[in-house]
Amino acid sequence: MLPSLSISIDRYWNALLDTLMMVGVSGGLALVAGVPLAILLIVTAPGGFLASPRINRVLGSLINGFRATPFIVLLVALIPFTRIVAGTTIGVWAAIVPLAISATPFFARIVEVSLREVDPGLIEAAQAMGCEKWDIVRHVYLPEALPGIVGGFTITLVALISSSAMAGAVGAGGLGDLAIRYGYQRFDTQVMLIVIAVLILLVSVVQAAGDGYVRWLRSR
């Protein structure tokens with residue numbers, strides 16, 4: 001399919017770069033914040049080596065609250081906070097703030113599930129050998145759960161691609177903004193179809209790369 005004559009190739013390319021920026025930065029922030037959150041949920045849970053039911057319940061409730069909030073509602077609700085952090089409420093960097101906040105609890109829960117699936121026998125063996133508590137996290141929990149963490153991060157990136165397109169409805173830029181402004185509002189079906197095709201291709205590439213890395217990790 002040839003690009004719509006009403007839009008230049010450069011505009012599609014810039015929209016793609018904006019989407020990649022939003023997904024990449026917010027995904028990186030979710031990775032950095034989500035793994036520690038998941039570890040904290042595991043170690044403060046009943047039976048964890050830093051068991052604290054109160055902290056676990058409060059943290060779990062906060063995470064569930066953010067996960068239960070639809071992204072478009074969260075996007076609007078965080079406008080004052082976004083203005084403080086990014087200095088603006090429109091554009092790529094303004095979208096990164098709610099995208100990262102939305103993705104972090106989602107990813108944290110996935111990592112938590114992966115950590116829970118680590119064989120308890122390995123934990124007990126590490127404790128019997130005198131390993132320190134945080135050494136167990138670094139050398140047992142994380143390596144054993146790594147394939148699941150990578151798989152969860154792939155799912156998170158795919159979800160971020162969808163959310164970044166949704167953020168285009170409020171002027172965030174990227175492919176979603178292109179589809180709404182030049183496709184929907186101008187009744188240009190070809191623009192809509194091209195954007196959909198690019199998003200499908202982007203999701204397919206991310207999913208294939210993530211699945212391939214998971215297979216490689218499990219084969220080691």
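Given the structure is predicted, the values throughout are model-derived calculations rather than measurements.

Each value, and the rule that gives it
Residues numbered from 1 in each chain as written. Predicted model: local features only at pLDDT ≥ 70, side-chain atom pairs only at ≥ 80, totals over all residues. Heavy atoms only, no water. Helix = DSSP H or I, 4+ residues; strand = E, 2+ residues; numbered from the N terminus. Buried < 20%, exposed > 50% of the residue type's maximum accessible area, 1.4 Å probe, protein only. Contact = heavy atoms within 4.5 Å. Lys, Arg positive; Asp, Glu negative; His and termini not counted. Charge placed at Lys NZ, Arg CZ, Asp CG, Glu CD. Axes fitted to C-alpha atoms, helices over the stretch in contact; angles between N-to-C directions. Parallel < 35°, antiparallel > 145°, perpendicular 65-115°, else oblique. Nonpolar A, V, L, I, M, F, W, Y, C, P; charged D, E, K, R; others polar. Expected span 1.5 Å × (residues − 1). Polar contact = N/O pair within 3.5 Å; in protein donor to acceptor, adjacent residues only side chain to side chain. Salt bridge = Lys/Arg side-chain N within 4 Å of Asp/Glu carboxyl O. Bend = angle between axes of the 7 residues up to and from the residue.

A.B. asks: Sorry, what's going on with the overall build of the chain here?
C.D. replies: When its secondary structure is counted, the chain shows nine helices and zero strands. In the chain, the succession of α and β elements from N to C terminus is α-α-α-α-α-α-α-α-α. Taken over the C-alpha atoms alone, the chain extends approximately 70 × 40 × 25 Å along its principal axes. The burial tally for the chain puts 42% of its 220 residues in the buried class. Sequence separation of 24 or more characterises 72% of the internal contacts of the chain that already satisfy a separation of 6 or more. Across the chain, 14 positive and 12 negative side-chain charges occur, with their mean positions spaced 7 Å apart.

A.B. asks: Sorry if this is basic, but what is going on with the packing of helix 7 (residues 133-167) against helix 9 (residues 189-219) here?
C.D. replies: Think of two packed helices as two axes; the pair is described by the angle between the axes and how far apart they sit. Following both chains from N to C, one finds helix 7 and helix 9 inclined at 175 degrees, their axes separated by 8 Å at the closest point. When the interaxial angle is binned, helix 7 and helix 9 end up roughly antiparallel. Here L146, P147, V150, G151, T154, L157, V158, I161 and A165 of helix 7 come into contact with helix 9, specifically with L199, L202, V203, V206, Q207, G210, Y213, V214, L217 and R218. Its residues assigned to classes, the contact of helix 7 with helix 9 comprises 14 nonpolar, four polar and one charged.

A.B. asks: Can you help me understand helix 5 (residues 92-116) in this one?
C.D. replies: Every α-helix winds through 3.6 residues per turn, so residues three or four apart in the chain are directed the same way. Here helix 5 spans 36 Å end to end across 25 residues, near enough to the 36 Å set by a 1.5 Å rise per residue. Within helix 5, 20 of the 25 residues are buried, which leaves it mostly tucked inside the rest of the structure.

A.B. asks: Mind showing me how you'd approach the environment of L199 here?
C.D. replies: With respect to the secondary-structure elements, L199 resides in helix 9. The exposure class of L199 is buried, given its relative accessible area of 18%. Through-space distance from the C-alpha of L199 to that of A165 is 8.7 Å; in sequence the pair is 34 residues apart. Those residues within four positions of L199 in sequence are excluded, and the remaining contacts are I161, A165 and L175.

A.B. asks: Is there a simple way to think about the side chain of T19 in this case?
C.D. replies: Tracing the chain through its elements places T19 in helix 1 (residues 9-44). A polar side-chain atom of T19 sits 2.9 Å from the main-chain amide nitrogen of L175. Residues in contact with T19, not counting those within four places in the same chain, are S164, G174, L175 and L202.

A.B. asks: Got a minute to help me understand the pattern of salt bridges in this structure?
C.D. replies: When charged atoms on two side chains of opposite charge get close, those side chains can pair. A full pass over the atoms with the stated rule returns three salt bridges. Here R138 ties to D135 by a salt bridge, and the two come within 2.5 Å at their closest N and O atoms. Here D135 and R138 lie together in helix 7, a separation of three residues that amounts to about one turn. On the basis of relative accessibility, which here comes to 52%, the residue R138 falls in the exposed class. Overlapping salt bridges bring together R109, E112 and R116 as one network.

A.B. asks: Is there a simple way to think about the environment of V113 in this case?
C.D. replies: Mapped onto the fold, V113 is located in helix 5. Residues V113 and G148 lie 35 residues apart in sequence; the distance between their C-alpha atoms is 8.5 Å.

A.B. asks: Explain helix 7 here, please?
C.D. replies: The end-to-end C-alpha distance of helix 7, which contains 35 residues, comes to just 41 Å, noticeably less than the 51 Å that a straight helix rising 1.5 Å per residue would cover. In the structure, helix 7 departs most strongly from a straight axis at L146, where the bend amounts to approximately 60 degrees and where the proline P147 lies between one and four residues downstream.

Treat this as a map of the structure, not an account of what it does.
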